[in-house]
Amino acid sequence: MKFAEISYSSKKEDFGIKGIFLKLPNYLLHWYFMRFRPFYIQQTTLANAEGYIVKVYKPHENHQTEKQIQKLLLLLQKKETDVLLIYHSISLPHIIDIAYGDIINALFVLEASKKAIKRQSQTLQQSKFLIIDGENTITNMVLDILYPHINYLSIYTENPQNFLQKADEIYEEYGLRLEIFSDIKNKQFETFNIILNCSKNMYHYDYKIQKNAFFFDIIQNDKKMHCLMSHRSDLLLSNGLLLKLENKNYSSKQIEAILRITEHSFHDFLCYNKKQNLSEILQLLQHKNITVTAFTCFDKRV
C-alpha cells in the first residue's frame, strides 16, 4: 500500500522540465503540459511509508481539471495507492480513500486541549469542555477519550436522547455529570474555554463563544471556520495539528496516511469497529511516541 499527496501547480519547474526547456515560451509549455504532461508523479516517503508527490497542472483558477484527475486516479490505482492526501480543495471522485486528518484530530483531542489550556494560562481541572455533536463516530470517539480525564463536560446536540444512557454510564464510572443541552440560546455557551466541533452544521453560536476560547474544528467544517475567522479574531482557531514522529513534524492527514499504510491495526480501526479498538489505538500512538507540537488552521501553523 502507498499514499499520494496531490496538489495543483502552475510552476513549470514542478513538472520535471529542466535545462534549456525552461526557457521555452510559456504558450509552448502550456500546450505541452496540456497535451502530454497534465500531471507529474515523483516517488517519496513519509516516515517509513512509501508514496508519491503529485502535481496537477492548473495554469489559472478557472481551469478545469476533471479529466486529468480521473486519468490520474486510475494510474494511481495501478500503482497500489491506498490513500490520498489532497490540498487546494481539490475535488475528487471516490475512487481511492482520502486521509483528511479528522480521525487524528479526534485521537489527539486531549493532548491538543491541554496545549490550548496552557496557552490560556488555565488548568485542565478548571477547564470547561463543550462537544458539538455531529451525530457521527467522531463525536463518540471524542467523548470516550475525554470523560475519564476532565471535570466539566457538556455536549450540544439536537438529539439529547442519544446520550442519556452514556451520561448515566459516565456518572456511575467516574462521578462526572455530562451536561446535555439542545437550545442554541443556552447561556452555557458563554462558559466554555474549550469547544470541540464534530459537526458539519452551521449552528449560529459564533458570538456566544467565550472570549479567547479554543475552538478545535475536529471534523473540518471549512465554512464554519471561515465564518469564525472573519469575525472572531480573539479565538484560538484550529482544524488540524502538527505532530512529531521520530523527530520530524507531520500534519494530521500525513500521520493518518502513515499509520494507515504501516500499521494493520490502525487500518482495521478505520475500516471496522472504531469503538472496540479505541484503547488499542491510543496505546499504539503512545508506543510510537507521537506528540502534538502545534496547531494548524487550513494547513498554516497558528
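Residues numbered from 1 in each chain as written. Predicted model: local features only at pLDDT ≥ 70, side-chain atom pairs only at ≥ 80, totals over all residues. Heavy atoms only, no water.

Student: Can you walk me through the sheet that holds strand 6 (residues 128-132) in this structure?
Tutor: Strand pairing in a sheet is mediated by backbone hydrogen bonds. Such pairs are either parallel or antiparallel. Taken in spatial order, the six strands make up an open sheet running 8-7-6-9-10-11, and their pairing is parallel. One side of each edge strand has no neighbouring strand; the edge strands of this open sheet are strand 8 (178-181) and strand 11 (236-238). Recorded for the sheet is a direction-independent mean angle of 15° between the axes of neighbouring strands. Bridge count for strand 6 against strand 9 (residues 194-197) is four bridges, and the pairing is parallel. Paired with I132 across the two strands is N197, which belongs to strand 9. With respect to the sheet, helix 7 (residues 222-231) is in contact with strand 10 (214-217) and strand 11, its orientation differing from that of strand 10 by roughly 155°. (Pairing = 2+ DSSP bridges. Helix = DSSP H or I, 4+ residues; strand = E, 2+ residues; numbered from the N terminus. Axes fitted to C-alpha atoms, helices over the stretch in contact; angles between N-to-C directions. Contact = heavy atoms within 4.5 Å.)

Student: How do you make sense of the nonpolar core when you look at a structure like this?
Tutor: Nonpolar side chains in soluble globular proteins tend to be buried together. Core analysis: the biggest nonpolar cluster contains 62 residues, and L107, V142, L146, L153, L196 and F266 have the highest contact counts within it. With six residues, helix 5 (residues 137-146) is the largest single contributor of residues to this core. Beyond its immediate stretch of four places on either side in the chain, V142 contacts A106, V109, I131, L196, C198 and I218. (Core = buried A, V, L, I, M, F, W, Y, C linked by side-chain atoms within 4.5 Å. Buried < 20%, exposed > 50% of the residue type's maximum accessible area, 1.4 Å probe, protein only.)

Student: For this particular structure, what's the right way to read helix 8 (residues 252-262)?
Tutor: Counted residue by residue, helix 8 has 10 buried out of 11 residues, so it is predominantly covered. Every buried residue of helix 8 is accounted for by S252, K253, Q254, I255, E256, A257, I258, L259, R260 and I261.

Student: What exactly am I supposed to notice about the packing of helix 8 against helix 9 (residues 264-271) here?
Tutor: Closest axis-to-axis distance for the helix 8/helix 9 pair is 5 Å, and the angle between their directions is 110°. One way to sum up the angle between helix 8 and helix 9 is to call them roughly perpendicular. Between helix 8 and helix 9, the contacting residues are E256, L259, R260 and T262 on the first element and H264, F266, H267 and L270 on the second. Counted by class, the contact of helix 8 with helix 9 contains three nonpolar, three polar and two charged residues. (Parallel < 35°, antiparallel > 145°, perpendicular 65-115°, else oblique. Nonpolar A, V, L, I, M, F, W, Y, C, P; charged D, E, K, R; others polar.)

Student: Which parts of the structure should I look at to understand the sheet that holds strand 13 (residues 248-251)?
Tutor: With antiparallel pairing, four strands are arranged side by side in an open sheet as 13-12-14-15. Two strands lie at the open edges of the sheet, namely strand 13 and strand 15 (300-301), each paired on one side alone. Set on the sheet, helix 8 makes contact with strand 12 (240-245) and strand 13; between it and strand 13 the angle comes to about 100°.

Student: What should I look at first to understand the environment of A257 in this one?
Tutor: Looking at where A257 falls in the secondary structure, it is placed in helix 8. The residues touching A257, leaving out its near neighbours within four places in the chain, are F3, V83, L85 and A99.

Student: Just to check I follow, could you spell out the packing of aromatic side chains for this structure?
Tutor: For any pair of aromatic rings, geometry is given as the distance between the ring centres together with the angle between the planes. Inspection of the entire model under this criterion finds 17 aromatic pairs. Measuring from ring centre to ring centre gives 5.7 Å for Y156 and F181, while their planes differ by 55°; the resulting arrangement is tilted. Taken together, the residues span a long stretch of sequence, with Y156 in strand 7 (residues 152-156) and F181 in strand 8 at a distance of 25 residues. Overall, the relative accessible area of 4% leaves Y156 in the buried class. Centre to centre, the rings of Y156 and F189 are 5.6 Å apart; their planes meet at 55°, and the pair counts as tilted. Linking Y156 in strand 7 with F189 in the loop between strand 8 and strand 9, this pair joins segments that are 33 residues apart in sequence. (Phe/Tyr/Trp six-rings, centres within 6.5 Å; stacked < 30°, edge-to-face > 60°.)

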